[in-house]
Amino acid sequence: MKKEVDFRKSPFPLPLVMIGAGTVDKPNASLYIWFSQFNEDPPIFAVAIKKKRYTYTLIKETGDFSINIPTKRCLKEADLVGTSTGRTIDKFKEYGLTPLPGKFIKAPLVGECPINIELKVIDEIVFPDHSMIIGEVLDTWIEEDLLKRGDKVLDIQKLSPIIVNYSDLSYHGLGEFLNFAGFSRRKK
Ligand SMILES: Cc1cc2nc3c(=O)[nH]c(=O)nc-3n(C[C@H](O)[C@H](O)[C@H](O)COP(=O)(O)O)c2cc1C
């Protein structure tokens, strides 16, 4: 039996991403779960950021940011950047992260994350406490050993991304591979 509940937090798994903002000389990083892709050609991603965050101020200043995918290996560092503010500390120095220059953006890429995406801000939708920053992808960097089939496919099992349960803010690993989309229509 289903229960009717006052459940305002996404009752579905959310992917964890780290945003790089500011500059390589004065870098900042923070953590996000309100994130997804909304267009394929060109690729457009959006992230909802609370307007009072330092990251929001930095993105407004430079007009760009990086999306970095943390994995099990750097979960501790990811949690640290998501629970402190760059207004008072240099999180990269403090938590041993490496700010790498992007090809097209001022914002730093996070070296410890095996996937880095460079984005420029193309639009913004302002909500009461958050703002949806809409970014167009300018470039994507993925560790070679995570790529297969002529660099077209990401080995998501090998990547080991982090999934978040928003209702208790807990981190989870990826489940098992089930099947490919369209499998139900394929003739055996
Ligand atoms: C698991 C997790 C997920 C988060 N997701 C978001 C999010 O989607 N949007 C947001 O505005 N803040 C989110 N935060 C909060 C920011 O990452 C956090 O406030 C960070 O310290 C901001 O850093 P800054 O002040 O240097 O910008 C999340 C934090 C954690 C721990």
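Just above sits the structure.
This text gives an overview of the structure that appears in the document.

Parameters and conventions
- For every chain, the first residue of the written sequence is number 1, and numbering continues from 1 onward in sequence order.
- At least 70 in pLDDT is required for a residue's local features to be given in this predicted model, at least 80 for side-chain atom pairs to be given and counted, and no such filter applies to totals for whole chains, interfaces and linings, which use all residues.
- Side-chain metrics rest on all non-hydrogen atoms present in the structure, leaving aside hydrogens and water.
- When DSSP finds two or more bridges between a pair of strands, those strands are recorded as paired.
- The helix and strand labels rest on DSSP assignments: H or I over at least four residues marks a helix, E over at least two residues marks a strand, and numbering proceeds from the N terminus.
- Helix axes are fitted to C-alpha atoms over the stretch in contact, other axes to C-alpha atoms as well, and angles between N-to-C directions run from 0 to 180 degrees.
- Note on contacts: a residue pair qualifies if any of its non-hydrogen atoms lie within 4.5 Å across the two residues.
- A molecule or strand has a residue near it when one of that residue's heavy atoms lies within 4 Å.
- N or O atoms within 3.5 Å of each other form a polar contact, as long as, within protein, one can give a hydrogen and the other can take it, and as long as residues adjacent in sequence are counted only when both atoms are side-chain atoms.
- Areas reported here follow the Shrake-Rupley algorithm with a probe of radius 1.4 Å; residue values treat only the protein chains shown as occluding.
- Note on definitions: the grid is 1 Å and covers protein atoms alone; a cavity is a set of points where a 1.4 Å probe fits but cannot get out; a pocket is an open set with protein on both sides within 12 Å along at least five of seven lines; lining residues have an atom within 4 Å of a point.
- Whether a molecule sits in a cavity or pocket is decided by its atoms, more than half of which must lie within 2 Å of the grid points.
- Asp, Glu, Lys and Arg are counted as charged, while Ala, Val, Leu, Ile, Met, Phe, Trp, Tyr, Cys and Pro are counted as nonpolar; the rest, among them Gly, fall into the polar class.
- Residues enter a nonpolar core if they are buried and are Ala, Val, Leu, Ile, Met, Phe, Trp, Tyr or Cys, with the set joined through side-chain atoms within 4.5 Å.
- Classification of residues uses two cut-offs on accessible area relative to the type maximum, computed with a 1.4 Å probe and protein chains only: under 20% is buried, over 50% is exposed, and between them is partly exposed.
- Grid points are joined across faces, edges and corners, and a volume is the space filled by probe spheres set on the points.

1. Some thoughts on the sheet that holds strand E5 (residues 44–50)
On the basis of which strands lie adjacent, the open sheet formed by seven strands has the order E3-E2-E6-E9-E10-E5-E4 and antiparallel pairing. One side of each edge strand has no neighbouring strand; the edge strands of this open sheet are strand E3 (27–32) and strand E4 (35–39). With direction set aside, neighbouring strand axes in the sheet form an average angle of 35°. Sheet analysis places strand E6 (residues 64–69) next to strand E9 (residues 115–126), joined by six bridges and oriented antiparallel. By the bridge assignment for E9, Phe 65 is matched with Leu 119. Strands strand E2 (17–22), E3, E5, E6, E9 and strand E10 (130–142) of the sheet are contacted by helix H1 (residues 54–62), whose axis makes an angle of about 55° with E2.

2. Some details on the site of the ligand
Within the structure, the ligand sits among 20 residues, and Leu 31, Lys 50, Thr 55, Ser 84 and Thr 85 are positioned closest to it. Between Trp 34 and the ligand, the recorded distance is 3.1 Å, taken from a backbone N or O atom to an oxygen atom. Out of a free accessible area of 650 Å², the ligand has 89% covered by protein chains. The pocket occupied by the ligand, as judged from atoms lying within 2 Å of grid points, is the largest pocket. Of all the secondary-structure elements, those providing two or more residues to the shell around the ligand are E3, E5 and H1. With four residues, E3 is the largest single contributor of residues to the shell around the ligand. A class-by-class count of the residues in the shell around the ligand yields nine nonpolar, eight polar and three charged.

3. Digging into the side chain of Ser 170
Mapped onto the elements of the fold, Ser 170 is located in strand E14 (residues 170–172). A polar contact of 2.8 Å, which involves the side chain of Ser 170, links it to the side chain of His 172. Discounting chain neighbours no more than four positions away, the residues touching Ser 170 are Ile 163, Val 164 and Asn 165.

4. Things to note about the nonpolar core
Core analysis: the biggest nonpolar cluster contains 22 residues, and Ile 19, Val 47, Ile 49, Phe 65 and Ile 67 have the highest contact counts within it. Put simply, the parts of the chain that give this core at least two residues each are E2, E5, H1, E6, E9 and E10. Considering every element that reaches this core, the biggest residue donor is H1, with four residues. One finds Leu 31, Ala 78, Val 81 and Ile 162 within the second-largest nonpolar core, a separate group that totals 17 residues.

5. Some remarks on the layout of surface pockets
Take a probe with the size of a water molecule and roll it over the atoms, and the empty space left behind shows itself. By volume, the largest pocket amounts to about 700 Å³. As for the largest pocket, its lining consists of 28 residues, of which Leu 31, Tyr 32, Arg 53, Gly 82 and Leu 169 are closest to the centre. Broken down by secondary-structure element, the contributors of at least two residues to the lining of the largest pocket are E3, E5, H1 and helix H2 (75–81). Broken down by element, the residue count for the lining of the largest pocket peaks at four residues, all from E3. When its volume is computed, the second largest pocket comes out at roughly 340 Å³. In terms of lining, the second largest pocket is formed by 17 residues, of which the most central are Pro 15, Val 17, Phe 35, Ile 69 and Ile 156. Elements that contribute at least two residues to the lining of the second largest pocket include exactly E4, E6, E9 and helix H4 (156–159). Broken down by element, the lining of the second largest pocket gets its largest block of residues, three residues, from E4.

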